[in-house]
Each structure stands twice: as structure tokens, then as C-alpha cells.
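Okay, here's what each chain looks like letter by letter:
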Amino acid sequence: MKLELRDVSKRVGADIHIHETSLVFEPGAFNVLLGATNAGKTTLMKLMAGLDMPTSGQVLYGGVDMTKAPPQERNISFVHQFFINYPHLSVRDNITSPLRLAKVRPEEIKRRLDETADLLRLGPMLDRRPHELSGGQQQRCALARAIIKDSSAVFLDEPLANLDYKLREELRSELPVIFSNRGAVVVYATSEPAEALMLGGYTAAMYEGHVSQFGVTSEVYRQPANVNAAQVFSDPPLNVAQIEKRDGKVNLSKQFNWRARGVAADLPDGAYTLAVRPHFVRPAADESAQIPLHGEVRVTELSGSESVAHFNLGKDIWVSQSDGLHPYKVGEQHDFYLDDTRCFFFGADGRRVV
Amino acid sequence: MAKIKLDNIRHSYFPNPKSDDDFALKRVHFDWEDGGAYALLGPSGCGKTTLLNIISGLLIPSHGKLQFDGQDVTRLSPKDRNIAQVFQFPVIYDTMTVYDNLAFPLRNRGVNEAKIDAKVREIAAMLEIEDMLSKKAAGLSPDNKQKISLGRGLVREDVNVIMFDEPLTVIDPHLKWKLRSKLKELHQQVKTTMIYVTHDQTEALTFADQVVVMNFGQVLQVGTPQALFDCPEHTFVGHFIGSPGMNVLPAQVKDGQVWVAGQAVEVSSSLESLPEGKLEIGVRPEYVRISDTGVEATVRNLMDVGRHKVLETLVGDIKVHVVLGENQQVSSDRVHLQFEPANTRLYAEGWLVDLQHEFEEV
């Protein structure tokens, strides 16, 4: 069943929490709402689920206006960041509770329980109580309850945020597989760009109550329509600078300028906002990263398989992200190299120049 | 400031432990250098909190000794150990101002007000909370409350060690990276021995010069971030560090050759005098290539993570990840995998076979 928002907005007093938004989610599609804390992800989800009422606009399920219908009439599931299970019930009874409520036949309950427990690898734990499970298993139990009832829409509000990162990695790659072929509209809120990319499907980039862009996840990432969408989809933060295109050159400052090529070569002379993702600013020159940017290393971070350095570039702080563990020293002078062909340029209206 | 020696420490909650399994914390034996930045990294239940409690004095180990600068402190109470601790959730006095909160640990020890003022302002500047000094702590955001907690931990110069127990849990993800690197900078300025307990690899690797990776109640490896990535000494370390972690596949050795899923595989490990037990190879996704020959695998999922792609394959029922280039395509459901020999290692019962175990008498 298709889920559609038509000019939906939400106001609380004088504050606009959601600006007028229209979106169409196709049945069976995995949709991500991506944005920082307070971007409006949860609010928008609650409007879709019927847990909150929009100030204006319509919410349609399969073309039927359900704006004023309570959640229980919408055939939906909602999974929260904090996994909610019934502590006094076994895992089995937790998972099957929606079906028992709906008076589904016992043999049908049994069939669906086996299928769901298998999918979420909860088979051996059905007789335990939730508190006897690990965090990841508890969240899988909550997920199992959400998918056992064949909902038309499943809402997942940062469901992995409270799990260890290894569990998060594991469930993240499983979720799209779990939901594929179920026909439900899945809406998944997250503040992590990497999570959105791994989940794939479609992404709505949200910024301060606006949907800045909605489309196929990898396209929103690779072809952001505006600065906000590019920003929302960048972790570590996007590098942004005001530049001037003049006489065939891109001028970032007096010190840093280069001969325009690619998209930059076709830009009419004038002022633009340049944005480039941190992994196109590298710690050493290579065949594609050729433009030297000299700065002082301010902050460094190492994760298991990559390094991040924040450095001063004039008055701005820029970020470089690279594979492997690079031994930076805070305070050292370092030449970073920009891949200028991977820069985005935005005009005065904030829209990307193509 | 102090050098901390963990001398054959073990802990069991049973009165007469018989086997290794009876120990919540198996034998830990190493030195923490004066002024070092250390992290204890591992999943929940790995034993890191038990170890932390032994160092802070909340728990007396059933076996072994703890020394600060050569002095036996095993049975000293926490307050006699002269340590500072920062917890997962802010521990501050809501009714006091930020200034008084920071000054509290110093006033408690009768430091004169002029010195207190200088120190409070120095710490506030480091944490960028100078503009809040006169505010009541009650009205602050959780992030700022935790910053004050950190400040209270850092304000005393005379402590033997500062311990951080998952200190960034309550911090908003978008501010985490700032505080993460801030703590590293603070260590470089104050040079006190610091121990940072976390289950998050980025926090551990960013903060520490030496990371202690724990699981199953034991220390699996102590090393620099680079060493943990390049040469995991236990399959769990390889799995836990890195995203996705190291691939681990069952292996056999026959006729001086390693075999994986019916294919001969070259490894960097020596095959001489192999220990007994289950054999596996470990290779990071960064060092797996798709090729015309090699170990056969089924393609399960291709994830575009922006900078590169991660291919999830199955060899039998074992998941194997491959890091692919941004523009690399996979056209078939069946692929062959090649493992870079220099970065493919052999493990026996989880442990790297090249390791020389040096067991001292207990």
C-alpha cells in the first residue's frame, strides 16, 4: 500500500516543526529519513503513523485519506530507539502479542512465529524473558513484533542507536534483507549518513523541518540538490568554502587557487559556494587529488580502518578522511591534497550548479 | 601521577576457583607507564569494568597485586588511592554554580582560593565552558553537564590516575567527535596517567596511545591502534577493530599448505610447530580481492558506503566482506576471492600462531 504525504505541515505555537512537505513512499520500498537531532525526523514519522496530527495537509494510505485516523486503524508498526518489550512475557509471547490481540488462528500464529523467529535468529530464545537477552537480541525481539503482523507500514525510529557498534553493523546489513519482499512501506529514521548509505533504498535528507531532497539514496549522496542535503549527508562534516570563479580559475583565497576543469570549467564567472566531502581531501597527492592545501592539524581521529584530520585552512576548519591509520600530530603543518573534480558548486540560491 | 603495575591479577567470585572458567577476570599482568593514555576496549561483559573496579579500589582482586609507583595498594580503599573518576552519567551538584562544582574537589583538600581560581579557569578554558562559570549547573544541557563532570575529574593535579568510564554515552552524536578529540588534547596538556573505558573503537583508538582489548574476561592484546589494525593477535581483536571487521574462515593445514574451502591459500604465518586446536585464517576486507580464481563465494549484498563499496559474500555459511572501489561493479552471483598473502594470518583456537606466549609462574 502506497503511503503519501500531501502538503503536510506541523506547527506548535509559533514554532514550525515541519514545513510543508509532500512525499510518496512506494509499497515495498525502504525509506530513510536522514538528519541531525531536531531536524524533524521523529515528528514527521509520528504524523505518518497517526501518533500526532498535522496542522495542515493530508496523510494517505493506498490513496485513502487517513489524516485523522488513530494509529490502530492504520495497520502499522512502530519500533522506538529504546526497545520496548513486555518484561513479564516470554520472547514468544512478546512476538506474537499483536497476532493474539487480532485473534489470529493459533496454527497461523505458530507458522508466522517460526518464520519470524527464523528470520531474526531468535529461535533458541523463545522461552526466555527479555531481560535474559543481550541488547541486540532485545531489539530483534521488538523488531520481530513489528514485522510479524504484516503491517502496511513499519516505522523504525533510530532502532539501532542504543546498540554496540558491532551489533549495529550486523543488524544494519540484515534489515533491508529482512524487509525485502514483504510489501510494507518501511520508514527508518537515523542521524548517521553511513547508516543511510548502507541501508540503501530511498533517502529524505532533512534539515530544520524541511525535506531538502528525496530520492534514491546513492543519488542523493552523489548528486545533492542543495548545500543542506550535501551537509546532512556528510560525516565527518562537509568542507564548505566561498569561492570565486574568474579567468578560468577557481579562487578559494589568494593563497589557494587552481585552474578550473570539469564542472568548474563550465561555470560562468562569479561567486559560488564550494563543497567537498572529506575523503576527497587526502593526506598525500595521488592521480586524482592534486591541489595542495596547506594547513595546521588541529584535531585527529582514528577509527578502526580510517583516519580523520581537522586542519586550519585560512579562517576555516577543513576535514580530511583517509583509509588506514595515518599518524598525524596535533599542531604539525601538513599538505593535504584536494581532488578538485569531486567538488560541488552551489549558486546564490543554494542550488547545485550542474 | 603514577606508574601502575598489575601483578598477576585475577578475580573470581567463587571462594575456591578450580579452573580458568571460574574467573570473571583471567590473569592480567602488565605495566601502565606514568603519564600514558590507555583505553580498555571491549563489548559489555568482557571484564573491563571488573578491571576498572580493581584499579579504583571498589573491588579487591582474589589473586595478585596492584602497585602504584612500587607501593602495594591492592587493599587500600578508593579514597586512599588518590584517583579521579569520571562516570557514564554526569555527577555534579545541581544547586551549585559551574565554578563551585569545578572548585569542589580542590576546596575539599584545602587548596587556597587563589590557586583554585587559577585552576578552575584553566580547566574551563580547555573545555570551552568559561561563559558558564557563574551559571547554576541545574539548567545546563546533558552535554554541558558531562563537560563539568570531565572538568571535575581533571581539576586536581596530584592524582595518581584519572579514569573515564564510558564518558561520552550521553553526548549527542554530532558533538561526540569534538569531545573525543578534546580529551586527547587534554591528555597531552596535563600528562596524567589516564585510563579510558569504552566499547567504542573510535573513542578508544582516538584517545589512547596503547589500547587494551578485552573479551571473555581476559586481555587479548595490548597495542597501538596501528598494531591492532595491522596485526590482530586474536581473531576477536580483528573482528572488533575495523568496520567491517576482519574476516575469519575455518582452515586446515595439509602437506605444508593452508587450505580454505578446498582452495590452497598463502598466509604470512609460519606453519612450523603449529599449536593444537581449531585453525582459522584472518584477513581484513581491505585485503580481499575479486578474481577469476580462488575461494568460491556467493554474493549476498552490495552496500555502497560512499567512499567505497562493501560486498557481503558467503563462503559456505561464513560471511566474508570485501572492500571494493567506489566504481567497481559485481556482475555475477558467484565470485572468487583472493586474499593478500602478506596480510592473511593463521590463528589456532583464536590466537595468532606466530605469537610467542610467555607465561610466567603464577
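Residues numbered from 1 in each chain as written. Chains lettered and ligands numbered in written order. Predicted model: local features only at pLDDT ≥ 70, side-chain atom pairs only at ≥ 80, totals over all residues.

Draft legend 1. Focus on the environment of Ala-37 of chain B. Residue and element names in this part refer to chain B. Note that Ala-37 resides in strand S3 (residues 37-41). You can call Ala-37 buried: it has 21 C-beta atoms within 10 Å. Sequence-distant contacts of Ala-37, defined by excluding residues within four places in its chain, comprise His-187, Met-194, Phe-207, Ala-208 and Asp-209. (Helix = DSSP H or I, 4+ residues; strand = E, 2+ residues; numbered from the N terminus. Buried ≥ 20, exposed ≤ 12 C-beta atoms within 10 Å, placed from the backbone. Contact = placed C-beta atoms within 7 Å.)

Draft legend 2. Just the pairing of strand S21 (residues 344-348) of chain B, in detail. Residues and elements named next belong to chain B. Burial analysis of S21 places 4 of its 5 residues in the buried class, the great majority of the element. Summarising the sheet, strand S15 (residues 279-283) and S21 pair through 5 bridges and their orientation is antiparallel. The residue of S21 that forms the bridge with Leu-279 is Ala-348. Two elements, S21 and strand S22 (residues 351-352), share 2 bridges in a ladder whose sense is antiparallel. Bridged to Ala-348 within S22 is Trp-351. Following S21, the chain reverses through 2 residues before pairing antiparallel with S22; Glu-349 in that reversal takes a positive phi of roughly 50°. (Pairing = 2+ DSSP bridges.)

Draft legend 3. Spotlight on the nonpolar core. Grouped together as the largest cluster of nonpolar side chains are 89 residues, with contacts concentrated most on Leu-33, Leu-34, Met-48, Ala-144, Phe-155, Val-186 and Val-187 of chain A. Ranked by residues supplied to this core, first place goes to helix H4 (residues 135-147) of chain A with 6 residues. Counting residues in hydrophobic clusters, the runner-up holds 70 residues, among them Leu-6, Leu-168, Leu-228 and Phe-240 of chain B. (Core = buried A, V, L, I, M, F, W, Y, C linked by C-beta atoms within 7 Å.)

Draft legend 4. Molecular detail of the sheet that holds strand S2 (residues 15-25) of chain A. All names here are of chain A. With antiparallel pairing, the 4 strands of this open sheet are ordered in space as S2-S1-S4-S5. Edge positions in the sheet fall to S2 and strand S5 (64-65), since each of these pairs with one other strand and no more. The sheet contact formed by strand S1 (residues 3-12) and S2 spans 7 bridges and is antiparallel. Opposite Val-8, over in S2, you have Thr-21 as the bridge partner. Across the sheet, helix H1 (residues 41-49) is in contact with S1, S2 and strand S4 (56-61); its angle to S1 comes to roughly 120°. (Axes fitted to C-alpha atoms, helices over the stretch in contact; angles between N-to-C directions.)

Draft legend 5. The interface of chain A and chain B, seen in detail. Each side of the interface is counted separately: chain A has 25 residues, and chain B has 31 residues. Secondary-structure elements contributing two or more residues to the side of chain A that touches chain B are helix H5 (165-179), helix H6 (193-199), helix H7 (217-222) and strand S16 (291-302) of chain A. Among the elements that take part in the side of chain A that touches chain B, H5 of chain A stands out by supplying 5 residues, more than any other. The residue inventory of the side of chain A that touches chain B, partitioned by class, reads 11 nonpolar, 10 polar and 4 charged. (Nonpolar A, V, L, I, M, F, W, Y, C, P; charged D, E, K, R; others polar.)

Draft legend 6. Summary view of helix H2 (residues 98-107) of chain B. Every buried residue of H2 of chain B is accounted for by Val-98, Tyr-99, Asn-101, Leu-102, Ala-103 and Leu-106 of chain B. The inward-facing, buried residues of H2 of chain B abut helix H3 (113-127) and helix H4 (142-154) of chain B.

Draft legend 7. Structural view of the packing of H2 of chain B against H4 of chain B. All names here are of chain B. Where H2 contacts H4, the axes come no closer than 8 Å and their chain directions differ by 30°. The pairing of H2 with H4 is recorded here as roughly parallel in orientation. By crossing handedness, the relation of H2 to H4 is classed as right-handed. From H2, Val-98, Asn-101, Leu-102, Phe-104 and Pro-105 reach across to H4, where they touch Ile-148, Gly-151 and Arg-152. (Parallel < 35°, antiparallel > 145°, perpendicular 65-115°, else oblique. Left-handed = near helix turned anticlockwise from the far one by under 90°.)

Draft legend 8. Region of the structure containing unusual backbone geometry. A cis amide bond links Asp-235 of chain A with the next residue in sequence, Pro-236 of chain A, at an omega value of 0°. By secondary structure assignment, the location of Pro-236 of chain A is in the loop between helix H8 (227-232) and strand S11 (239-246). Residue Ser-243 of chain B is joined to Pro-244 of chain B through a cis peptide bond whose omega torsion reads -10°. With respect to the helices, strands and loops of the structure, Pro-244 of chain B is situated in the loop between helix H8 (235-240) and strand S11 (247-250). A positive phi angle is found at Asn-38 of chain A, which is not glycine, with a value near 75°. Topologically, Asn-38 of chain A is positioned in the loop between strand S3 (30-34) and H1.

Draft legend 9. The arrangement of the environment of Gly-201 of chain A in detail. Residues and elements named next belong to chain A. Tracing the backbone through its elements, the reader meets Gly-201 in the loop between H6 and strand S9 (202-207). Exposure remark for Gly-201: the 19 C-beta atoms within 10 Å place this residue in the partly exposed category. Gly-201 has contacts with Ala-29, Phe-30, Asn-31, Val-32, Pro-176 and Thr-217, leaving out every residue within four places of it along the chain.

Draft legend 10. Molecular detail of H4 of chain B. Residue and element names in this part refer to chain B. Here H4 spans 18 Å end to end across 13 residues, near enough to the 18 Å set by a 1.5 Å rise per residue. Across the 13 residues that make up H4, a large majority, 10, are buried. Among the residues of H4, Lys-145, Gln-146, Lys-147, Ile-148, Ser-149, Leu-150, Gly-151, Arg-152, Gly-153 and Leu-154 are the ones counted as buried. (Expected span 1.5 Å × (residues − 1).)

Draft legend 11. Inspection of the sheet that holds S22 of chain B at higher detail. Ordered by their spatial adjacency, 4 strands build an open sheet running S11-S15-S21-S22 (chain B), and the pairing between neighbours is antiparallel. The strands lining the two open edges of the sheet, one partner per strand, are S11 and S22 of chain B.

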